[in-house]
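# Structural features, examined
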Amino acid sequence: MSDAIDLALLAARVWVGAVMLAHGVRHVQALRSGPGMAKWLGSLGLSNGPLQAQLLTWSEVGVAPLLVLGLFTPAAYGAVASLMLVALLTNHRDKGFFITARPTEGWEYVGTLTVLALALGVLGPGEWSLDNAFDLEFALKPSQALAVTAIVGLGGTAAYLATFWRPNRQVPG
């Protein structure tokens, strides 16, 4: 692989990792400020709001260093895709496309991160990564990386929503 591609993959991993860490730190602060985040997640139809707040927060914080270091990269990108896809389906799906449309937040941001994470997971971490240093096969072969990224990203989302999401059904008026 060329140094330019390795640099691009490193930049992508670091950027997405930084975005996840920033969101995770923000959610740590929300957890410390009281039950507001847990109540909000419950209002989206997710059972056990306090558990969901912890899962969301520590998933975002935990995936960041994996991406930055390029360790278990397809699974890490799959986790990002799953986090964003859950956000899209539970919170953003019915609010239009544009994130800047006020008073609501559309799904363009979480949709973009979902697609990028799925695509980047398949491309792998590049040579400048711990996956490469440890010769982790699943991160080096695109077909295996695709399988891992899809299972974690799409399969994880489906399993999570089937387990925890009970959206409010609106009765036709």
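On to the nonpolar core, then. Of all hydrophobic cores here, the largest spans 30 residues; its most connected members are Met20, Leu41, Tyr77, Val80 and Met84. Looking at which element gives the most residues to this core, the answer is helix H4 (residues 73–92), with eight residues.

Moving on to the layout of surface pockets. Put simply, the largest pocket is a space of about 780 Å³. Along the walls of the largest pocket sit 31 residues, with His27, Leu56, Glu60, Leu83 and Ala87 positioned nearest its centre. Sorting the residues of the lining of the largest pocket by element identifies helix H1 (3–33), helix H2 (36–43), helix H3 (49–69), H4, helix H5 (108–123) and helix H8 (142–164) as the ones contributing at least two each. It is H4 that contributes the most residues to the lining of the largest pocket, nine residues altogether.

Taken as a whole, this structure holds three aromatic pairs when the rule is applied. Relative to Trp107, the ring of Phe97 has its centre 5.0 Å away and its plane inclined at 85°; by these criteria the two rings are edge-to-face. Here Phe97 is found in the loop between H4 and H5, whereas its partner Trp107 is found in the loop between H4 and H5, with ten residues between them in sequence. Of the residues examined, Phe97 reaches a relative accessible area of 39% and is grouped as partly exposed. Relative accessible area serves as the criterion here: at 33%, Trp107 is assigned to the partly exposed category. Judged by centre distance (5.1 Å) and plane angle (50°), the rings of Tyr160 and Phe164 are tilted. Taken together, the positions of Tyr160 and Phe164, both in helix H8 and four residues apart, correspond to about one turn of that helix. What links up through ring pairs into an aromatic cluster is the set Phe97, Phe98 and Trp107.

Two residues of an α-helix separated by three or four positions point the same way, owing to the 3.6 residues in each turn. Across its 31 residues, H1 extends 45 Å between first and last C-alpha, which sits within 8% of the 45 Å expected from 1.5 Å per residue. What H1 keeps buried is the set Asp6, Leu9, Ala12, Arg13, Val16, Gly17, Val19, Met20, Gly24, His27 and Val28. Along its buried surface, H1 packs onto H2, H3, H4 and H5. A positive backbone phi angle near 135° is found at Gly34, which sits one or two residues after H1.

In this structure, His92 sits in helix H4. Its relative accessible area of 9% is what places His92 among the buried residues. A polar side-chain atom of His92 sits 3.0 Å from the main-chain carbonyl oxygen of Glu105. With near-sequence residues (within four places) excluded, His92 lies in contact with Ala87, Glu105, Gly106, Trp107 and Val110.

Relative to the helices and strands, Thr114 resides in helix H5. A distance of 3.4 Å separates a polar atom in the side chain of Thr114 from the backbone nitrogen of Leu85. Leave out the neighbours within four places in its chain, and Thr114 touches Ala81, Met84 and Leu85.

How each quantity is defined
Residues numbered from 1 in each chain as written. Predicted model: local features only at pLDDT ≥ 70, side-chain atom pairs only at ≥ 80, totals over all residues. Heavy atoms only, no water. Core = buried A, V, L, I, M, F, W, Y, C linked by side-chain atoms within 4.5 Å. Buried < 20%, exposed > 50% of the residue type's maximum accessible area, 1.4 Å probe, protein only. Helix = DSSP H or I, 4+ residues; strand = E, 2+ residues; numbered from the N terminus. 1 Å grid on protein atoms, 1.4 Å probe; cavity = no way out; pocket = protein on both sides within 12 Å on 5 of 7 lines; lining within 4 Å. Points joined across faces, edges and corners; volume = space filled by probe spheres on them. Phe/Tyr/Trp six-rings, centres within 6.5 Å; stacked < 30°, edge-to-face > 60°. Expected span 1.5 Å × (residues − 1). Contact = heavy atoms within 4.5 Å. Polar contact = N/O pair within 3.5 Å; in protein donor to acceptor, adjacent residues only side chain to side chain.

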